[in-house]
Amino acid sequence: MADDIKVDNTLDIKGQICPYTFVRSKLTLEKMQLGQVLEIVTDHKPASENVPRSMENEGQKVLNIKQTDEKEWHIFVRKDKEKKKT
Amino acid sequence: MEFTEDQILRYSRHILLPEVGGDGQEKILNAKVALVGAGGLGSPVGYYLAAAGVGTIGVIDNDRVEISNLQRQIAHNTNRLGVYKADSAKETYETLNHDVNVITHKERLTSQNIKNIIKDYDIVVDGSDNFPTRYLVNDACVMLKKTLVSAAVFRFEGQVMSIFPGDGPCYRCLFEIPPPPGMVPSCQEAGILGVVTGVIGTIQATEVIKVILGIGHPLKGSLLLWNALDMSFRRVKVPRNKECPMCGEHPTIKELIDYEQFCSMSH
């Protein structure tokens, strides 16, 4: 399935740990357009779970999480929402 | 803007918040806030605004640090006795965060200089300790349409209100004119529990950050009262006064007023 996803931007955060994995992913996604897809590459196992969860909490769509190596995950997130308004 | 590596780390706990994010942090970095007074209230306001990354902080104060200030005025310290409070605060805030530029105004605010001093700031924070300044700041902010976060403390109590000229009441809607000299205990007679200024000042800082970000519900049209001994908060609705001499339908105050000082000790 992941192979079908058209990726607009890739962010390599290997070497980064939480919460900076999400902080950096979020900053990158903020600069992208609605509907665009960000591929996030991480080697930090907790991030492979936390980043998708945090993205969904902020209203973004996690399309897929693909483990490509013992310590490498690719997270595909589609920007569905601009910043939360209160 | 692109954040530096240090900024990503420094502001990460802000960026994580859905209501803030990178663009919210950028607004904070671009904000310009003036503090009237670097005393009990101004100290913690400036401290948290500096920590938050408010890019430009104006500190308006012409007093020097005295040892009796240090029980509550946390921007200063024992090594700074005799130093201008504005300079001391600048040192404290810029050391905490190099992203912050503190502009010092070592002047006493008057009807003659206030507009020129506050005109380049987005938000004004009143942490003054006397009624003449409080009314002068209110009136100047209404005239220049500057958002004002006003507060006062007394013994074990404090109050905060945010003023959005043209949109909600101003300080004079609440208290039309200052009390006559002698009616209220002056600051040296009254005493103040030091930490009360910290609680109220940090509430002011919270209001400033909310206004910068455009989130939540500021204290517009409501006065927050806090009592330390009861540990109680009350929020009192304050309507706009149509008869307000400053922002009512037929304002009678057209020029700024220098009221007589009645806290003789401080200056």
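Before any of the text, the structure's been laid out above.
Predicted model only: the values in this text are computed from it and were never measured.

Q: A description of the overall build of chain B should follow, citing residues and the corresponding values.
A: Scanning chain B from N- to C-terminus turns up 10 helices and eight strands. Principal-axis analysis of the C-alpha atoms gives chain B an extent of 55 × 45 × 40 Å. Looking at chain B as a whole, 42% of its 267 residues qualify as buried. The long-range fraction of contacts in chain B, counting pairs at least 24 apart against all pairs at least 6 apart in sequence, stands at 70%.

Q: Could you give an account of the nonpolar core, with specific residues and numbers?
A: All names here are of chain B. Grouped together as the largest cluster of nonpolar side chains are 78 residues, with contacts concentrated most on Val33, Leu35, Ile57, Val124, Val125 and Val208. Of the residues forming this core, the biggest block, nine residues, is contributed by helix α10 (residues 194-213). In this structure Val125 touches Val33, Ala34, Leu35, Val36, Val45, Val149, Gln204 and Val208, once residues within four positions along its chain are discounted.

Q: Requested: an account of unusual backbone geometry, with residues and values cited.
A: Geometrically, the link from A:Cys18 to A:Pro19 is a cis peptide bond, its omega value of 5° lying close to zero. Mapped onto the fold, A:Pro19 is located in the loop between β1 (9-12) and α1 (20-30). Residue B:Arg155 is not a glycine yet carries a positive backbone phi of 55°. Along the chain, B:Arg155 falls in the loop between β5 (147-154) and β6 (157-163). With a phi close to 50°, B:Met231 is a non-glycine residue in the positive phi region.

Q: Could you give me a rundown of helix α4 (residues 42-52) of chain B, with the residues and numbers involved?
A: Residues and elements named next belong to chain B. Burial of α4 is extensive: nine of the 11 residues sit out of reach of the surface. All buried positions along α4 are accounted for by Gly42, Ser43, Pro44, Val45, Gly46, Tyr47, Leu49, Ala50 and Ala52. Contact partners of the buried residues in α4: α3 (21-30), β1 (32-36), β2 (56-60), α5 (85-96), β4 (123-126) and α10. Positive phi appears at Gly53, one or two residues downstream of α4, with a value of about 95°.

Q: Outline helix α7 (residues 131-144) of chain B, listing residues and values.
A: An α-helix turns once every 3.6 residues. As a result, residues three or four positions apart point the same way. Residues and elements named next belong to chain B. Here α7 spans 20 Å end to end across 14 residues, near enough to the 20 Å set by a 1.5 Å rise per residue. Across the 14 residues of α7, 12 count as buried, placing the element largely inside the fold. Among the residues of α7, Phe131, Pro132, Thr133, Arg134, Tyr135, Leu136, Val137, Asn138, Asp139, Ala140, Cys141 and Val142 are the ones counted as buried. Next to the buried residues of α7 lie β1, α6 (114-118), β4, β5, β6 and α8 (171-174). Lys145 sits one or two residues past α7 and shows a positive phi near 55°.

Q: Talk me through the interface of chain A and chain B; I want residue IDs and the actual numbers.
A: With 12 residues of chain A in contact, the opposing surface of chain B contributes 12 residues. Broken down by class, the residue content of the side of chain A that touches chain B amounts to five nonpolar, one polar and six charged.

Q: Report on the sheet that holds β2(B), specifying residues and quantitative values.
A: Residue and element names in this part refer to chain B. As summarised here, the arrangement of the eight strands in space is β3-β2-β1-β4-β5-β6-β7-β8, forming an open sheet in which the pairing is mixed. On the outer flanks of this sheet lie β3 (101-105) and β8 (232-237), each paired with one strand and no other. Within the sheet, the average angular offset between the axes of one strand and its neighbour, ignoring direction, is 15°. With four bridges connecting them, β1 and β4 associate as parallel partners.

What counts and what doesn't
Residues numbered from 1 in each chain as written. Chains lettered and ligands numbered in written order. Predicted model: local features only at pLDDT ≥ 70, side-chain atom pairs only at ≥ 80, totals over all residues. Helix = DSSP H or I, 4+ residues; strand = E, 2+ residues; numbered from the N terminus. Buried ≥ 20, exposed ≤ 12 C-beta atoms within 10 Å, placed from the backbone. Contact = placed C-beta atoms within 7 Å. Core = buried A, V, L, I, M, F, W, Y, C linked by C-beta atoms within 7 Å. Expected span 1.5 Å × (residues − 1). Nonpolar A, V, L, I, M, F, W, Y, C, P; charged D, E, K, R; others polar. Pairing = 2+ DSSP bridges. Axes fitted to C-alpha atoms, helices over the stretch in contact; angles between N-to-C directions.

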